[in-house]
Protein chains: 2
Amino acid sequence: MSRSRTTVVDIAHAAGVSKSTVSLVLQGSPLVNEKTREKVNSVIADLGYVYNRGAANLRQARSKIVGIVVNDLTNSFFAELAVGMDMVVQSAGYVQFLAHSGESVDRQREVIASMRENGIAGMILSPARGTEAADIKPLIDSGIPVVVVVRNLPGAKVSTLLSDNYTGAKAAVRHLVALGHTRIGFMGGFLDTAVFAERLRGYRDALQEAGIAVDEALIIHSAPSRAGGVAAVERMMLISDRATAALCLNDAVAFGVCDGLRSVGIEPGKGFGVIGFDDVIEAKTAVPALTTVSVDPQGMGQRAAQLLLKQINAGGNEQESLVTSVRLVVRQSCGAPVRNNHLEEMA
Amino acid sequence: MSRSRTTVVDIAHAAGVSKSTVSLVLQGSPLVNEKTREKVNSVIADLGYVYNRGAANLRQARSKIVGIVVNDLTNSFFAELAVGMDMVVQSAGYVQFLAHSGESVDRQREVIASMRENGIAGMILSPARGTEAADIKPLIDSGIPVVVVVRNLPGAKVSTLLSDNYTGAKAAVRHLVALGHTRIGFMGGFLDTAVFAERLRGYRDALQEAGIAVDEALIIHSAPSRAGGVAAVERMMLISDRATAALCLNDAVAFGVCDGLRSVGIEPGKGFGVIGFDDVIEAKTAVPALTTVSVDPQGMGQRAAQLLLKQINAGGNEQESLVTSVRLVVRQSCGAPVRNNHLEEMA
DNA sequence: GGATATAATTGGAACGTTCCAAATATGTCA
DNA sequence: TGACATATTTGGAACGTTCCAATTATATCC
């Protein structure tokens, strides 16, 4: 069907110049005469030439491709994170390989290897559960900048961008305490992620600070999903001295908790205070609107991408560790009277 | 930092063979002696060689990269669609550029161009609203296989994979009619997509078939999102002879409709029947569980990817148009007694 | 042992760019 | 006009692989 690709040489020939000149035009070099540039550009348009970035990469040994690996794209927090990255990556003239590891370290290893073979200039990784520093060591050793987001990867020599889970959880619990709650639960998640550990730590410390003893029975583990939230409520109903409010691992769990409450006849926000974490888009429009710790995933994705691009351009590989601030957005699900939209701000 | 990349020549040198032999080993050719193969492989492992697929692509003029462009990754239907594609693409040894067009045709054009420069072997496109056949013409003309999913692109010479929107909508409305409803609304969406048109057509035809006159006042346009669903209910409350049930453009709208109903004191599934479309994961765990037309986005993504890979391998570019079947999953939100999970099946 | 078949290996050109050093054109000055 | 500076253009090597045709090693047969 299509004859062999038109190349820079074809352009050169048709425009009556050398391929070097065409290359110069392609790169927008100021060295080339205005008339020549016009001529070349018009020929390019005529022949429907498409630049072969692969060939250029081969010669230059640096590509305009970044790799992004996300543990769970079906979770809207991560989907939005990815969209944030997409925005700045595209705008900078890069494209991204974007893959979903599905929390499988094996799959993650495979896609990282594959991306590496395909010549990425850098990578953003939101690690699958159970990822170890060793998993990305070869990547790093080869001098490719890596930014780790959302979940920490202790021991890895990389830049990281985490949200301030500890402070956020603390603020949420403080808010529940201020509303008069004393039986406050923590729902969703398992011990295996740093995110869980930090949020739980914030929860514990806030209770302690308020002089409320931590009741381990109120810490209910479950899958970090909507279904997990439903399950957590079911489990909670079995204990005698039940909670009257809960901080949830994330918004998905919080929505599940609302569902679960409703199915046992409790109205979230009235009979029971629910606070989520992440502030995904639906949090605002849900009924009741979800009180949650806002992480702005899209903004976080943007920052991560900016950080990566900076490192790519700098060439140097000094690591940088950023913590994005977080704020409690009070809506209806916690049962507090809504005074204004962003009641509490935290640095 | 890192010295220049180790190449196939370095391997050859260290293993005492020629680069051609190394290349043969890399490709798993049966031509090479078992002992030589072992030797070469061990050297490869020792030197930490990483294959440069870009160089190979340059020589072979066919890559192992596919492009995927999705109109809205933050919509979980599309996120799951993408995950389905990711699964089969990865397993086939390909990587994907995955980009989010955010319903912007400009952005979409840019990323398509960028992916093309980066040498994709094929592309799956879930077009942004307003995309025209002309937008992807150059891609197609260059002989790159394209599969269009979810939304139709009339006039484009491509393979398509659509869900059976018409039949699905019809089945949903029939079900509502069977439950005794006569005032049935259609909520969410605008006239500008084929998906909307088809589902609406199914709605109209089913009503007509049942001898119920279509009341244009019950067709309420709104954004195809959760917030849009809330808005649609608000609008619906203003009319005198209100609907008692509604088919929603998609699950997001349906959730919004449930939210909206609740905030005016109507319990979805009791006072009002709600049916969604798509069957996203949360549909099952929501309260009330959402009756919806199941599209299995992940499965659809897989099929799309399989179709694309088939076309890439075939080389031939005969188009194929598939319609994925769809089935009504009756849960609680429509108010029907749940007899078993998949009450109605449709081919 | 020589001829022939088969197995295994190999050098060099090619893919489409960029980059360098060198060449050529154009302008300026005395 | 010659000397010099500056603006513009250019050929060829290089990037890391694959592929072809050709070569060399090994086995098989009479």
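From a predicted model like this one, the values you see are computed outputs, not experimental measurements.

A few words now on the pattern of salt bridges. A full pass over the atoms with the stated rule returns 36 salt bridges over all chains. Here Lys310 of chain A makes a salt bridge to Glu320 of chain A, at a shortest N to O gap of 3.1 Å. Taken together, the residues Lys310 of chain A in helix α13 (residues 297-314) and Glu320 of chain A in the loop between α13 and β11 (321-324) connect sequence positions ten residues apart. What makes Glu320 of chain A partly exposed here is its relative accessible area of 26%. A salt bridge links Asp241 of chain B to Arg183 of chain B; the shortest N-O distance between them is 3.4 Å. Taken together, the residues Asp241 of chain B in the loop between α10 (226-237) and β8 (245-248) and Arg183 of chain B in the loop between α8 (165-178) and β6 (184-187) connect sequence positions 58 residues apart.

In this section: the packing of aromatic side chains. For any pair of aromatic rings, the description consists of the separation of the ring centres together with the inter-plane angle of the planes. Enumeration according to the criterion identifies seven aromatic pairs over all chains in this entry. Considering the side-chain rings of Phe97 of chain A and Phe97 of chain B, the 4.5 Å spacing of their centres and the 0° angle between planes classify their relative orientation as stacked. Taken together, the residues Phe97 of chain A in strand β2 (residues 95-100) and Phe97 of chain B in strand β2 (residues 95-100) connect one chain to another. For the residue pair Phe97 of chain A and Phe97 of chain B, the accessibility class agrees, reading buried in each case. One aromatic cluster in this structure is built from Phe186, Phe196 and Tyr203 of chain A. Its guanidinium or amino end placed over the ring of Phe277 of chain A, Arg199 of chain A lies 3.6 Å from that ring's centre, counting from NZ or CZ.

Residues and elements named next belong to chain B. The mixed open sheet is built from six strands, whose spatial order is β7-β6-β8-β9-β10-β12. The sheet is open, and its two edges are formed by β7 (219-220) and β12 (327-329), each paired on a single side. When strand β9 (residues 273-278) meets strand β10 (residues 291-294), the two strands line up parallel, connected through four bridges. Opposite Asp278, over in β10, you have Ser294 as the bridge partner. Here helix α9 (residues 194-209) sits on the sheet in contact with β6, β7 and β9, set at roughly 175° to β6.

Quick look at helix α1 (residues 8-15) of chain B now. All names here are of chain B. Taken residue by residue, α1 has Ile11, Ala12 and Ala15 as its buried positions. Across the axial projection of α1, the buried residues extend over an arc of 100°, all falling on one side. For α1, the N-terminal capping position is held by Thr7, with its side-chain oxygen 2.8 Å away from the main-chain nitrogen of Val9. Taken from the residues just after α1, Gly16 is the one with a positive phi, measuring 70°.

Okay, the side chain of Asp259 of chain A next. Looking at where Asp259 of chain A falls in the secondary structure, it is placed in helix α11 (residues 251-263). Judged by relative accessible area, Asp259 of chain A falls into the buried class, the value being 2%. Discounting chain neighbours no more than four positions away, the residues touching Asp259 of chain A are Arg226 and Val230 of chain A together with Thr285, Ala286 and Val287 of chain B.

A separate point is the nonpolar core. Counting residues in each nonpolar core, the largest one holds 148 residues, and the members touching the most others are Met187 of chain A together with Met187 of chain B. Ignoring any residue separated from it by four or fewer positions in sequence, one finds Met187 of chain B in contact with Ile220, Ala232, Met236, Ala246, Leu247, Cys248, Leu249, Val253, Val257 and Phe272 of chain B. Residues Val148 of chain A together with Leu125, Leu139 and Ala156 of chain B belong to the second largest nonpolar core, which totals 40 residues.

All names here are of chain B. With 16 residues, helix α5 (residues 76-91) ought to run about 22 Å at 1.5 Å a step, and its terminal C-alpha atoms sit 23 Å apart, in line with that. With respect to burial, α5 is a largely interior element, 14 of its 16 residues being buried. One side-chain oxygen of the residue at the start of α5 lies 2.8 Å from the amide nitrogen of Phe77, identifying that residue as Asn75. Immediately downstream of α5, the backbone of Gly93 shows phi near 80°, a positive value.

This part takes up the domain arrangement of chain A. Residues and elements named next belong to chain A. By the assigned domains, chain A splits into domain 1 (8-51), domain 2 (64-163 + 297-325) and domain 3 (165-296). Its C-alpha centre places domain 2 at a distance of 29 Å from the equivalent point of domain 3. Across the boundary between the two partners, domain 2 contributes 13 residues, which contact 16 residues of domain 3. With both chains or domains summed, domain 2 and domain 3 bury close to 1200 Å², and 52% of this area falls on carbon and sulfur atoms. Summed over the three residues of domain 2 that lose the most area to domain 3, namely Phe77, Arg129 and Ser163, the buried surface amounts to 41% of that side. Inspection of the domain 2/domain 3 interface yields one salt bridge. Of the charged contacts, one joins Asp192 and Arg129 as a salt bridge, the two residues approaching to 3.4 Å between their closest N and O atoms. Mapped by element, the contributors of at least two residues to the side of domain 2 that touches domain 3 are α5 (76-91) and α13. Looking at the side of domain 2 that touches domain 3 element by element, the count peaks at four residues for α13. Classifying every residue of the side of domain 2 that touches domain 3 gives four nonpolar, six polar and three charged.

Around DNA strand D, 26 residues are found, and the nearest of them are Thr36 of chain A together with Val8, Ser23, Tyr49 and Arg59 of chain B. Looking at DNA strand D alone, sugar and phosphate atoms form 63% of those within 4 Å of the protein. Ser20 of chain A places a side-chain nitrogen or oxygen 2.7 Å from a base oxygen of DNA strand D. Here Asn52 of chain B contributes a backbone N or O atom positioned 3.2 Å from a phosphate oxygen of DNA strand D. For the surface near DNA strand D, the secondary structure elements donating two or more residues are α2 (19-26) and α4 (53-60) of chain A together with α2 (19-26) and α4 (53-60) of chain B. Within the surface near DNA strand D, the residues separate by chemical class into ten nonpolar, eleven polar and five charged.

Parameters at a glance
- Within any chain, residue numbers begin from 1 and follow the written order of that chain's sequence.
- All chains are assigned letters beginning with A, and all ligands numbers beginning with 1, in the order in which they are written.
- Whole-chain, interface and lining totals are the exception, using all residues; otherwise, since this is a predicted model, local features are given only for residues with pLDDT of at least 70 and side-chain atom pairs are given and counted only at 80 or more.
- The side-chain quantities take in all heavy atoms of the structure and omit both hydrogens and water.
- By salt bridge we mean one thing: a side-chain nitrogen of Lys or Arg within 4 Å of a carboxyl oxygen of Asp or Glu.
- A helix here means a DSSP run of H or I that spans at least four residues, while a strand means a run of E at least two residues long, and both kinds are numbered starting from the N terminus.
- Think of it in three bands: residues with accessible area under 20% of the maximum for their type are buried, residues over 50% are exposed, and the middle band is partly exposed, with areas taken using a 1.4 Å probe on protein chains only.
- Whether two aromatic rings pair depends on their centres lying within 6.5 Å, for rings of Phe, Tyr and Trp, where Trp uses its six-membered ring; planes under 30 degrees apart make the pair stacked, over 60 edge-to-face, and the rest tilted.
- When the NZ atom of lysine or the CZ atom of arginine is within 6 Å of a ring's centre and also within 35 degrees of its normal, the charge is said to sit over that ring.
- What makes two strands pair is DSSP finding at least two bridges between them.
- We call two residues contacting when some pair of their heavy atoms lies within 4.5 Å.
- Note on method: axes are straight lines fitted to C-alpha atoms, helices fitted across the in-contact stretch only, with angles between N-to-C directions ranging 0 to 180 degrees.
- The arc in question is traced by the directions running from the helix axis to the C-beta atoms.
- Under the rule applied, a polar contact is a pair of N or O atoms within 3.5 Å (in protein, one hydrogen donor and one hydrogen acceptor; residues adjacent in sequence only if both atoms are side-chain atoms).
- We call a set of buried Ala, Val, Leu, Ile, Met, Phe, Trp, Tyr and Cys residues a nonpolar core when their side-chain atoms join them within 4.5 Å.
- A helix's residues, less one, multiplied by 1.5 Å, set its expected span.
- For the domains described, the bounds stem from an automatic or database domain assignment.
- Accessible-area loss on putting two parts together, using a 1.4 Å probe and summing over both, is the definition of buried area adopted here.
- Residues are grouped as follows: Ala, Val, Leu, Ile, Met, Phe, Trp, Tyr, Cys and Pro are nonpolar; Asp, Glu, Lys and Arg are charged; all remaining types, including Gly, are polar.
- By convention in these notes, a residue is near a molecule or strand provided one of its non-hydrogen atoms lies within 4 Å of it.

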